[in-house]
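Examination of the molecular architecture
Each chain, letter by letter, is given below.
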Amino acid sequence: MSTETTPANSGTTGERPIGPDNPAPVIEPPRTRTGRSPRSTRTNFELHGWLFMRLSGILLVFLVLGHLLIQLVLDGGVSKVSFAFVAGRWASPFWQVWDLLMLWLAMLHGANGLRTIINDYAQRDNTRFWLKMLLYTATVFTILLGTLVIFTFDPNIR
Amino acid sequence: MPAGTLYRGREGMWSWVAHRVTGVLVFFFLFVHVLDTALVRVSPEAYDQTIAVYKTPLVAFMEYGLVAAVLFHALNGLRVVAVDFWSKGARYQKQMLWTVMAVWGLLMAGAAWPVLGHAFRELFGS
Ligand code: HEM
Ligand code: HEM
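Residues numbered from 1 in each chain as written. Chains lettered and ligands numbered in written order. Predicted model: local features only at pLDDT ≥ 70, side-chain atom pairs only at ≥ 80, totals over all residues. Heavy atoms only, no water.

In the region of ligand 1, 24 residues are neighbours, and His-67, Arg-89, Asp-99 and Gly-146 of chain A together with His-33 of chain B sit closest. Each of chains A and B places residues near ligand 1. Arg-89 of chain A places a polar side-chain atom, nitrogen or oxygen, 2.6 Å from an oxygen atom of ligand 1. Side-chain polar atom of Asp-99 of chain A to an oxygen atom of ligand 1: 2.6 Å apart, as the coordinates give it. (Near = heavy atom within 4 Å. Polar contact = N/O pair within 3.5 Å; in protein donor to acceptor, adjacent residues only side chain to side chain.)

Structure follows, in C-alpha cells:
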C-alpha cells in the first residue's frame, strides 16, 4: 500500500470521537476521470442508480405495504386469496397499474441492490461476471413474465 | 471496539447489515412470488392448489417473517433517505433508528393476529 495513506485518526483534534460534529478527514479520490478512463467509469450510471434506489424506495413503501395490507390483513387475510379474488382485482385497471408498477420498481430496485452486493463480495472477475449474468437473466425473465401475466390475464380461462 | 469509529460495530453497521439481509430475502421471495402468480395463466385449479400452501400454519409463520423483513427494510430505507437528504440526518441517525425500531415493533404487534390468527385457529381448534 502507498505510504501516503492517512493513518487512521490522524488529522483530527486529539481524542474527540469522529462524528457529525467532528468529521473524519477527507480522502482524495484516487483518480480523476479522463477520456482514457475505462468506459464503465465514464458515465454517471452509479449516481443515477443511487438516486433510483432512493426514489423507487419511497414509492415502494406505499405500493408494497399497501399490497401486504390488502393480501394479508384486510378481508380475512390470506384465507380469501384465490383465482376468483385475483380475477376481481385485475378487473380494475387501477390494480393492474399498481401491480405493474410494483413489479417493475421492486424488481429493478432489488436487482440493482443485488448488483451492489455482488460487486462487494465476488472478488474474482469471472465469478462476478457470471453471477451478474445470472442476476440479469433472472431479472429480465421475471419482469417479462409478470408483465405478460398482468396483460394477458383471462378470467374465463376455463 | 476501536474508539472514534463512526460506523464499525455500532448502530450504523448493524442496521446496514439488516438492511442488506432483508433486501436479499425479499428479492428472492419476489422471484418465487411472480412464478406462483403466473399460475393464473395455467388454470384456476393450479393457482388455487398452490396458493393453498400459503394458507398452511407453517407458511403463515414464514409470512410473518416476510412482513418483518419488508417492514424493517421499508422503514430503515426511509431512514437512509433521511440521512442522505436531510441536512440534520447524519446527526440524528441513531435516534431515527430507534424510531424505526419502535414503529416496527408496533406494526409487528398489530400484524400478529391478522397474519397468524388463522394458523392458531387451525392448530388449536376453533
Ligand atoms: C405473503 C404475502 C403476499 C401475498 C399473500 C401476496 C398475494 C398476491 C396476489 C393474490 C397477487 C395477484 C394480484 C393481486 O391480487 O394484486 C399478487 C401479485 C403481486 N405481488 Fe404479491 N403477495 C404477497 C407479498 C408480496 C410482496 C412482499 C411483494 C413485493 C416485494 C409482492 C409483489 C407482487 C407483485 C409484483 C405482483 C404482480 C405479479 C405479476 O405481475 O404477475 N407481493 N400478490
Ligand atoms: C418498501 C420500500 C423500500 C424502501 C424504502 C427501500 C429503500 C432502500 C434504499 C434507500 C436502499 C439503498 C441503501 C444504500 O444505498 O445503502 C435499498 C437497498 C436495497 N433494497 Fe430496498 N427498499 C424498499 C423495498 C425493497 C424491495 C421490495 C426489495 C426486494 C425486491 C429491496 C431490495 C433491496 C436490496 C437487495 C438492496 C441493496 C442492499 C445493500 O446494498 O446493502 N428493497 N433499499
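On we go.
Bringing the side chain of Asp-36 of chain B into the picture now. Residue and element names in this part refer to chain B. Locating Asp-36 in the fold gives a position in helix α1 (residues 11-37). In this structure, Asp-36 is buried with no salt-bridge partner, the nearest side chain bearing the opposite charge being Lys-55 at 12 Å. When sequence neighbours within four positions are dropped, the list of residues in contact with Asp-36 reads Tyr-47, Thr-50, Ile-51 and Tyr-54. (Helix = DSSP H or I, 4+ residues; strand = E, 2+ residues; numbered from the N terminus. Buried < 20%, exposed > 50% of the residue type's maximum accessible area, 1.4 Å probe, protein only. Lys, Arg positive; Asp, Glu negative; His and termini not counted. Salt bridge = Lys/Arg side-chain N within 4 Å of Asp/Glu carboxyl O. Contact = heavy atoms within 4.5 Å.)

Below, the discussion takes up the coordination of the iron atom of ligand 2. The coordination sphere of the iron atom of ligand 2, as far as protein atoms go, consists of His-109 of chain A (NE2) and His-73 of chain B (NE2), spread over 2.0 Å. Taken together, the six donor atoms surrounding the iron atom of ligand 2 define angles of 85 to 179 degrees at the centre, an arrangement classified as octahedral. One end of the pair, His-109 of chain A, is in helix α3 (residues 93-121); the other, His-73 of chain B, is in helix α3 (residues 57-85), on a second chain. When sorted by exposure, His-109 of chain A lands in the same class as His-73 of chain B, which is buried. (Donors = N, O, S within 2.8 Å, 3.2 Å for Na, K, Ca; no water. Tetrahedral: all angles 85-135°; square planar, octahedral: opposite > 155°, others 65-115°.)

A separate point is unusual backbone geometry. Residues and elements named next belong to chain A. A positive phi angle, close to 50 degrees, is found at Asp-75, a residue other than glycine. Note that Asp-75 resides in the loop between α1 (45-73) and α2 (83-89). Looking at Asp-75, the relative accessible area reads 68%, which means it is exposed.

Residue and element names in this part refer to chain A. Taking 1.5 Å per residue as the helical rise, α1 with its 29 residues ought to reach 42 Å, and the 39 Å between its terminal C-alpha atoms agrees with that figure. Bending of α1 peaks at approximately 35 degrees at the position of Leu-60. Residue Asp-75 follows α1 closely and has a positive phi angle near 50 degrees. (Expected span 1.5 Å × (residues − 1). Bend = angle between axes of the 7 residues up to and from the residue.)

Let us look at the UniProt feature "transmembrane region" (unreviewed entry) in chain B. When the UniProt feature table is mapped to this numbering, "transmembrane region" (unreviewed entry) covers residues 21-40, 52-75 and 96-116 of chain B. For residues 21-40 of chain B, the helix share is 85%, the strand share is 0%, and the end-to-end C-alpha distance is 30 Å. (UniProt positions renumbered as here; feature names shortened; annotations may be inferred.)

Ligand 2 sits among 21 residues. The nearest are Arg-54 and His-109 of chain A together with His-19, Arg-20 and His-73 of chain B. At ligand 2, the nearby residues belong to more than one chain, namely chains A and B. Within the side chain of Arg-54 of chain A, one N or O atom sits 3.1 Å away from an oxygen atom of ligand 2. Contacts to ligand 2 include His-109 of chain A, whose side-chain N or O atom sits 2.8 Å from a nitrogen atom. Breaking the shell around ligand 2 down by element, the ones donating at least two residues are α1 and α3 of chain A together with α1 and α3 of chain B.

To continue, consider the packing of aromatic side chains. According to the stated counting rule, one finds 11 aromatic pairs over all chains in the structure shown. Taken together, a centroid distance of 6.1 Å and an interplanar angle of 70 degrees make the contact between Phe-61 of chain B and Phe-120 of chain B edge-to-face. One end of the pair, Phe-61 of chain B, is in helix α3; the other, Phe-120 of chain B, is in helix α4 (residues 93-124), and 59 residues separate them in sequence. Of the residues examined, Phe-61 of chain B reaches a relative accessible area of 38% and is grouped as partly exposed. Classification of Phe-120 of chain B by relative accessible area gives partly exposed; the value is 34%. Here a set of aromatic residues connected by ring pairs shows up, and it is made of Phe-83, Trp-90 and Phe-153 of chain A. The ring of Trp-95 of chain A has Arg-89 of chain A lying over it, and the distance from NZ or CZ to the ring centre is 4.6 Å. (Phe/Tyr/Trp six-rings, centres within 6.5 Å; stacked < 30°, edge-to-face > 60°. Lys NZ or Arg CZ within 6 Å of the ring centre and 35° of its normal.)

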